[in-house]
Amino acid sequence: MDRLGVYGGTFDPVHRGHLAVARSVREAYGLSRILFIPARQSPLRDPPQASAPDRLAMVRRAIEEMPGFEASAIDIERPGPSYMIDTLTRLAGQYPDAELFLILGADAVGELPAWREADRILAAAQIIAVPRPGHAAEIPPEVLALHPGADRRIHRLGMPPVDIAASRIRAARARGRSVDAWVPPAVAEYILARRLYSHGGPDGSGAI
């Protein structure tokens, strides 16, 4: 059976921390591949600064030489907020023989009770909880109560928290600082070429 990792997020921008998490998850759980899925708009987050085409383009550039990683436009092609249950339902239809593993930061795991049809999410995919700085490693009781056997559906990844935040990258760019230490070279080049996260704004081409 295909063991398919589902890595959703704003990716505004994608950075080295995302890639480190994906590599660790794939190795630890023997996943055949991981789909990076930029959200059009997270229901629980502020609107992203970069456009959906720009964020997808950055993901593609970040993983283009990394076997086993793929970028998916499944969420940005769908209008409206990106609800995870809708994404998982579509993926189950596209990959009927795959076992789905949803990759979430510990902060997002704690928010699961606020997600649409969280019980169905736990039924549709196993969850890999990734450590995040400042967030408890233990799964909250209210999360475990969402679905029978949730304690067997949520797995904690044993790796040190990655202390890189997209908000820090955006703030550095707004101040005119280099972001090369936090993002792959191809992403840094794209950010500069498109003038993303700077006061000048993108050049408007929107090319993917």
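Above this text you will find the structure in question.
The rules behind each value
- Residues numbered from 1 in each chain as written.
- Predicted model: local features only at pLDDT ≥ 70, side-chain atom pairs only at ≥ 80, totals over all residues.
- Heavy atoms only, no water.
- Core = buried A, V, L, I, M, F, W, Y, C linked by side-chain atoms within 4.5 Å.
- Buried < 20%, exposed > 50% of the residue type's maximum accessible area, 1.4 Å probe, protein only.
- Helix = DSSP H or I, 4+ residues; strand = E, 2+ residues; numbered from the N terminus.
- Contact = heavy atoms within 4.5 Å.
- Phe/Tyr/Trp six-rings, centres within 6.5 Å; stacked < 30°, edge-to-face > 60°.
- Lys NZ or Arg CZ within 6 Å of the ring centre and 35° of its normal.
- 1 Å grid on protein atoms, 1.4 Å probe; cavity = no way out; pocket = protein on both sides within 12 Å on 5 of 7 lines; lining within 4 Å.
- Points joined across faces, edges and corners; volume = space filled by probe spheres on them.
- Nonpolar A, V, L, I, M, F, W, Y, C, P; charged D, E, K, R; others polar.
- Lys, Arg positive; Asp, Glu negative; His and termini not counted.
- Salt bridge = Lys/Arg side-chain N within 4 Å of Asp/Glu carboxyl O.
- Polar contact = N/O pair within 3.5 Å; in protein donor to acceptor, adjacent residues only side chain to side chain.

Draft legend 1. The arrangement of the nonpolar core in detail. Membership of the largest hydrophobic core comes to 38 residues, with the highest contact counts inside it found for Tyr7, Val21, Val25, Ile34, Phe36, Met58 and Ile63. Breaking this core down by element, the ones donating at least two residues are helix H1 (16–29), strand E2 (33–38), helix H2 (52–63), strand E4 (98–105), strand E5 (126–130), helix H8 (166–174) and helix H9 (185–194). Those residues in contact with Ile34, other than ones at most four positions away along the chain, are Gly5, Tyr7, Ala22, Val25, Arg26, Gly68, Phe69, Glu70 and Ile103. Counting residues in hydrophobic clusters, the runner-up holds 27 residues, among them Leu88, Ile127, Ala129 and Ile139.

Draft legend 2. Representation of the packing of aromatic side chains in the model. Using the criterion set out here, one finds 4 aromatic pairs in the structure. Ring geometry for Tyr7 and Phe11: centres 5.6 Å apart, planes at 80°, overall edge-to-face. By relative accessible area, which is 3% here, Phe11 ends up buried. Within the aromatic cluster, the residues linked to one another by ring pairs are Tyr7, Phe11, Phe36 and Phe69. Sitting above the plane of the Tyr83 ring, Arg116 keeps its charged end 3.7 Å from the centroid.

Draft legend 3. Spatial organisation of the layout of surface pockets. Of the pockets and cavities examined, the largest pocket occupies roughly 1,100 Å³. The wall of the largest pocket is formed by 44 residues, among which Gly8, Gly9, Thr10, Arg45 and Asp107 lie closest to the centre. The set of elements that each furnish at least two residues to the lining of the largest pocket consists of strand E1 (2–9), H1, helix H3 (84–94), E4, helix H4 (106–110) and H8. Residue composition of the lining of the largest pocket, by class: 23 nonpolar, 12 polar and 9 charged.

Draft legend 4. Spotlight on the side chain of Arg55. Tracing the sequence through the fold places Arg55 in helix H2. One buried charged side chain, Arg55, makes no salt bridge at all; its nearest oppositely charged neighbour is Asp12, positioned 4.6 Å away. Among the polar contacts made by the side chain of Arg55, one reaches the main-chain carbonyl oxygen of Ala39 at a distance of 2.7 Å.

Draft legend 5. Expanded view of the pattern of salt bridges. Across all of its chains, the model carries 12 salt bridges by this definition. One salt bridge in this structure joins Glu117 and Arg120, with 2.8 Å as the shortest N-O distance. Judged by relative accessible area, Glu117 falls into the partly exposed class, the value being 35%. By relative accessible area, Arg120 is classed as partly exposed at 38%. As a salt-bridge pair, Asp163 and Arg168 come within 3.2 Å of each other at their nearest N and O atoms. Sharing partners across several salt bridges, the network here consists of Asp2, Arg33 and Glu70.

Draft legend 6. Local environment of unusual backbone geometry. Here Asp12 and Pro13 are connected by a cis peptide whose omega angle stands at 5°. Examined against the element boundaries, Pro13 turns out to sit in the loop between E1 and H1. Of note in this structure, Arg195 is not a glycine but carries a positive phi near 55°. By secondary structure assignment, the location of Arg195 is in the segment after H9. One non-glycine residue, Tyr197, adopts positive backbone phi at about 65°. Tracing the backbone through its elements, the reader meets Tyr197 in the segment after H9. By relative accessible area, which is 8% here, Tyr197 ends up buried.

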